[in-house]
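Coordinate inspection notes
Below, each chain spelled out in residue letters.
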Amino acid sequence: MDRFEYFKDIAESAKVLGDGWDKILEAALIMHGHLCGAMPLGFRVGRLALKVLGAEREPNMSKVVFVETGVFHAAGCFADGVQFATGCTYGKDLIKKLDYGKWAATLALKKDGKAVRVSVKPEVVEAMFSSKFMSERKRGIPPAEVKPEFILEGFKKTISRPDEEILEVSKIFTYNFPPTPKPSFSAVRCEICGEMVAENKLRIKEGKKVCLPCSGYEV
Ligand SMILES: [Zn+2]
Ligand SMILES: [Zn+2]
């Protein structure tokens, strides 16, 4: 079985969640690239946050998610699960990383600021850190090289367990979005390097319209 078929097969475990979540998990697995303990937890957090707010997976730019996992620890993969479940992606600039080292995310709707924070129960995070998968990772084995029997059942279980067994949900509250600039819908050529640049990122250097790297200005 090749990697894509393998992921498709594993994604079947999300059928119990209904509403096409198996397809979304399959896409998440393809993008993420391996099985692990943290990505499926982020996936469940993102899904529940949408459900609590009565919101759909984001097709446009109408919501933002703040992920608390941060960097330089063993379970940052959580953020990819949140990103895929919510549709609040990096490219759409809808996911913000808070460097707290915690397994939680806050989802906020731009239209009215309605927001909810969902976190993983402490005992679930503890179990993830004391898993065979994590001890292999600690020994320096890359995630995709850990024997599948050390993670496969745990991954599927994380995907199919009831929300209330693994997650905590805050009360719904209001998040005040800071004002943001309007997006630019035009692009021009930099007069030095000739590459295309979004118009609102241009700088003027000696009377020429140039891109930031050619301008010599700090970003
Ligand atoms: Zn991972
Ligand atoms: Zn340039």
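All values reported here derive from a predicted model rather than from experimental measurement.

Definitions and cut-offs
Residues numbered from 1 in each chain as written. Chains lettered and ligands numbered in written order. Predicted model: local features only at pLDDT ≥ 70, side-chain atom pairs only at ≥ 80, totals over all residues. Heavy atoms only, no water. Donors = N, O, S within 2.8 Å, 3.2 Å for Na, K, Ca; no water. Tetrahedral: all angles 85-135°; square planar, octahedral: opposite > 155°, others 65-115°. Buried < 20%, exposed > 50% of the residue type's maximum accessible area, 1.4 Å probe, protein only. Helix = DSSP H or I, 4+ residues; strand = E, 2+ residues; numbered from the N terminus. Pairing = 2+ DSSP bridges. Contact = heavy atoms within 4.5 Å.

**Details of the coordination of the zinc ion (ligand 1)**
- For the zinc ion (ligand 1), the full set of protein donor atoms is His-32 (NE2), His-34 (NE2), Cys-36 (SG) and Cys-77 (SG), and the range of their distances to it is 2.0 to 2.3 Å.
- Each of the 4 donor atoms around the zinc ion (ligand 1) contributes to a set of angles spanning 94 to 119°, which defines the coordination as tetrahedral.
- When the donors of the zinc ion (ligand 1) are listed by position in the chain, the intervening gaps give H-x1-H-x1-C-x40-C. Here the two residues His-32 and Cys-36 agree in accessibility, since each one is buried.

**Side note on the coordination of the zinc ion (ligand 2)**
- On the protein side, the zinc ion (ligand 2) has Cys-190 (SG), Cys-193 (SG), Cys-211 (SG) and Cys-214 (SG) as donor atoms, found 2.3 to 2.4 Å from it.
- Given 4 donor atoms and angles of 99 to 117° at the metal, the environment of the zinc ion (ligand 2) is assigned as tetrahedral.
- Spacing between the donor residues of the zinc ion (ligand 2) along their common chain follows C-x2-C-x17-C-x2-C. Here Cys-190 is found in the loop between strand E7 (187-189) and strand E8 (196-198), whereas its partner Cys-211 is found in the loop between strand E10 (208-210) and helix H9 (212-215), with 21 residues between them in sequence.
- The exposure class assigned to Cys-211 is buried, which follows from its relative accessible area of 10%.

**Observations regarding the pairing of strand E4 (residues 114-120)**
- Burial within E4 is extensive, with 5 of its 7 residues counted as buried.
- Pairing of strand E3 (residues 104-109) with E4, which is carried by 5 bridges, proceeds in the antiparallel orientation. The residue bridging Ala-105 from the neighbouring strand is Val-118, located in E4.
- Taking the residues between adjacent antiparallel strands as the criterion, E3 and E4 are bridged by 4 residues, where Gly-113 takes a positive phi near 75°.
- Judged from the 2 bridges that link them, E4 and strand E6 (residues 173-174) form a sheet pairing that is antiparallel. Among the inter-strand pairings, Ala-115 is bridged to a residue of E6, identified as Phe-173.
- Pairing analysis gives 3 bridges linking E4 to strand E5 (residues 167-169), with the strands arranged antiparallel. Along E5, the bridge assignment pairs Val-120 with Leu-167.

**A word on the environment of Phe-7**
- Among the secondary structure elements, Phe-7 is positioned in helix H1 (residues 3-11).
- The spacing of Phe-7 and Leu-35 is 28 residues in sequence and 8.8 Å in space, taken between C-alpha atoms.
- Those residues in contact with Phe-7, other than ones at most four positions away along the chain, are Leu-29, Ile-30, Gly-33 and His-34.

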